[in-house]
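A look at the structure
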Amino acid sequence: MSKQHALDPIDGYIREVSALLPYAEALKTPVLEELKKDVQDAMGTEKRPPSVVFGSPMEVAKNLSIAQNWGSTPAGWGTRFIAFIVDIASLLGVFALFFLFQLILVDFQIDEIHWYTMRIPFGFLFVGIPMVIFILGYFIIIEKTFSTTLGKKLLGLIVVDESGIKISWNQSLIRNFTKVPILTSFLPFDLLFGILSEKTRGRKLRVLDFVAGTKVIHQKRSYNK
Amino acid sequence: MSNDLLLHKWVTEYKKGFSKPLILFTLAEIGRSYAYLLTKKILELTNGEISIAGSNIYPMLAKLEEERLIVSQPDESDRKFYKLTENGKEFLKQLEKSIKKFNEIMLELTNKSKGDA
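Predicted, not measured: the structure shown is a model, and the values here were computed from it.

Procedures and definitions
- Residues numbered from 1 in each chain as written.
- Chains lettered and ligands numbered in written order.
- Predicted model: local features only at pLDDT ≥ 70, side-chain atom pairs only at ≥ 80, totals over all residues.
- Heavy atoms only, no water.
- Helix = DSSP H or I, 4+ residues; strand = E, 2+ residues; numbered from the N terminus.
- Rg over C-alpha atoms; globule rule 2.2 N^0.38 Å.
- Buried < 20%, exposed > 50% of the residue type's maximum accessible area, 1.4 Å probe, protein only.
- Contact = heavy atoms within 4.5 Å.
- Areas by Shrake-Rupley, 256 points an atom, 1.4 Å probe, with all protein chains shown as cover.
- Lys, Arg positive; Asp, Glu negative; His and termini not counted.
- Charge placed at Lys NZ, Arg CZ, Asp CG, Glu CD.
- Axes fitted to C-alpha atoms, helices over the stretch in contact; angles between N-to-C directions.
- Parallel < 35°, antiparallel > 145°, perpendicular 65-115°, else oblique.
- Pairing = 2+ DSSP bridges.
- Buried area = accessible area lost by both parts, 1.4 Å probe.
- Salt bridge = Lys/Arg side-chain N within 4 Å of Asp/Glu carboxyl O.
- Polar contact = N/O pair within 3.5 Å; in protein donor to acceptor, adjacent residues only side chain to side chain.
- Nonpolar A, V, L, I, M, F, W, Y, C, P; charged D, E, K, R; others polar.
- Phe/Tyr/Trp six-rings, centres within 6.5 Å; stacked < 30°, edge-to-face > 60°.
- Lys NZ or Arg CZ within 6 Å of the ring centre and 35° of its normal.

Attention now moves to the overall build of chain A. On a plain count of helices and strands, chain A comes out with 12 helices and 4 strands. For a compact globule of 225 residues, the expected C-alpha radius of gyration is about 17 Å, and chain A comes in at 22 Å, more than 25% above that figure. For chain A, the residues scored as buried account for 40% of the 225 residues in total. The contacts in chain A between residues at least 6 apart in sequence include a share of 70% that link residues at least 24 apart. For chain A, the accessible area works out to roughly 12,800 Å², and carbon and sulfur atoms hold 68% of it. In chain A, 25 side chains carry a positive charge and 20 a negative one; their mean positions are 4 Å apart.

As structure tokens, this is what we get:
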């Protein structure tokens, strides 16, 4: 917990709630201000932390998101497909940069580094490993951290939990399972069953979205309630 | 599961079902209120028997507003106050009748089952 949280538990609590809501500040601010007034009232002379008196930040974030109907506009398949193409194109761009770096290493005859008795190929250390992490983790890490990817961001889409809050590591791992390169051959099935199944069709979910309890939505930007 | 635990679970379930009517009845009683005050008043009016904890009231208020039974307006301090709409007041009269009828049936049933036991 930061120093500021220790000084002002209510502000810290509101910040924790806010961090779970991946929406524009303009949208969140009036709602969080209202929440703060309620929490201040509820706290009164309470000595217990706000999460005990008013509920966990996750529970509060879920209730706010449901009440505001923030997570209600599912993104269409076409928009998501374009976002995916943009992501793949940017991934290929990054690969090109990695290869360029490898070529530079070869050109300058930087072959390996010595670590104790081991000789580690420089390309393996600074190109191979980062590239594997990048390929395996791009969607998983980026979606968990920013609730979006480059492609989705350009098209105004975000990935959220069923209730409209930020997704967890587990959810990101499950929903992006078919986007890990060696498993991408399952992606068309993941999509096709999502389009065809009665349970997922109306809500525009891939099968793995359904399993993970996640959805891709259009991000609302302004408060219009 | 013991009967005590099972009873607690059942009671919680049916109390939950009465949350939205309770909000309407409380608003009818006190006129207008903001979210937290409403939870406090509900607790008071039900003699501490029924509480809507923390933020759980927000989705219910939103739903009632969507159903046009209540309306929210900011006051001078920009705090959101809720009150019944005319439609909400009318609906509440109908709801009251329906709940009374339901109570009578339940009372009759419980009395009968006492006689049988």
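Having seen the structure, we can now continue with the description.
What follows concerns the packing of helix α2 (residues 19-30) of chain B against helix α3 (residues 35-45) of chain B. Residue and element names in this part refer to chain B. One can describe the packing of α2 onto α3 by two numbers: an axis separation of 10 Å at closest approach and a directional angle of 90 degrees. The angle between the axes of α2 and α3 places the two elements in the roughly perpendicular class. Residues L22, I23, T26, L27, E29 and I30 of α2 touch α3, and the partners they reach there are L38, K41, I42 and L45.

Turning our attention to the sheet that holds strand β2 (residues 70-74) of chain B. Residue and element names in this part refer to chain B. The antiparallel open sheet is built from 3 strands, whose spatial order is β1-β3-β2. Because the sheet does not close on itself, it has two edges, and the strands there are β1 (32-33) and β2. As defined by bridge partners, β2 adjoins strand β3 (residues 80-84) across 5 bridges and the pair is classed as antiparallel. The residue of β3 that forms the bridge with Q73 is F81. Of the strands in this sheet, β2 and β3 are in contact with helix α4 (residues 57-66), which crosses β2 at around 110 degrees.

Turning next to the pairing of β3(B). Within a regular beta strand, the side chains point alternately toward one face of the sheet and then the other, so they alternate between its two faces. Residue and element names in this part refer to chain B. For β3, the buried fraction is high: 4 of the 5 residues fall into the buried class. Here β1 pairs with β3 via 2 bridges, running antiparallel. Across the sheet, the residue bridging to S33 is Y82, located in β3.

With that settled, consider the interface of chain B and chain A. Note: interface size is frequently given as the accessible area lost on complex formation between the parts. The interface is formed by 13 residues belonging to chain B together with 15 residues belonging to chain A. It is B:Y36, B:Y58 and B:R79 that lose the most area in chain B upon contact with chain A, and together they represent 42% of the buried surface on that side. In this structure, the connection of chain B to chain A is made through 2 salt bridges. Here A:D41 ties to B:R79 by a salt bridge, and the two come within 3.1 Å at their closest N and O atoms. At the surface where chain B touches chain A, the tally comes to 10 residue pairs in polar contact (both at pLDDT 80 or more). Top element by residues in the side of chain B that touches chain A is α4(B). It accounts for 3 residues. Grouping the amino acids of the side of chain B that touches chain A by side-chain chemistry returns 6 nonpolar, 4 polar and 3 charged.

Okay, the packing of aromatic side chains next. Under the defined criterion, the tally for this structure stands at 4 aromatic pairs over all chains. On the numbers, 5.0 Å between centres and 40 degrees between planes, the contact of A:Y23 with A:W70 is tilted. Pair noted here: A:Y23 is in the loop between α2 (9-19) and α3 (25-43) and A:W70 is in the loop between α5 (57-68) and α6 (77-107), with a separation of 47 residues, a long-range link. Taking the relative accessible area as the measure of exposure, A:W70 reaches 2% and is therefore buried. With 5.5 Å between their ring centres and 80 degrees between their planes, B:Y34 and B:F81 make a pair best called edge-to-face. Placement of the pair is B:Y34 in the loop between β1 and α3 and B:F81 in strand β3, with a sequence separation of 47 residues. Classification of B:F81 by relative accessible area gives buried; the value is 12%. The rings of A:F84, A:Y138 and A:F139 are connected pair by pair, giving a single aromatic cluster. For the cation-ring pair, A:K179 lies above A:F139, with the distance from its terminal atom to the ring centre recorded as 4.8 Å.

Moving on: the environment of A:F54. Within the secondary structure, A:F54 is located in the loop between α4 (50-53) and α5. Take A:F54: its relative accessible area is 3%, and that puts it in the buried class. As a C-alpha pair, A:F54 and A:F122 span 68 residues in sequence and 54 Å in three-dimensional space. Those residues in contact with A:F54 that sit more than four places away from it in its chain are A:Y13, A:L35, A:D38, A:V39, A:A42, A:V60, B:Y36, B:G54, B:S55 and B:Y58.

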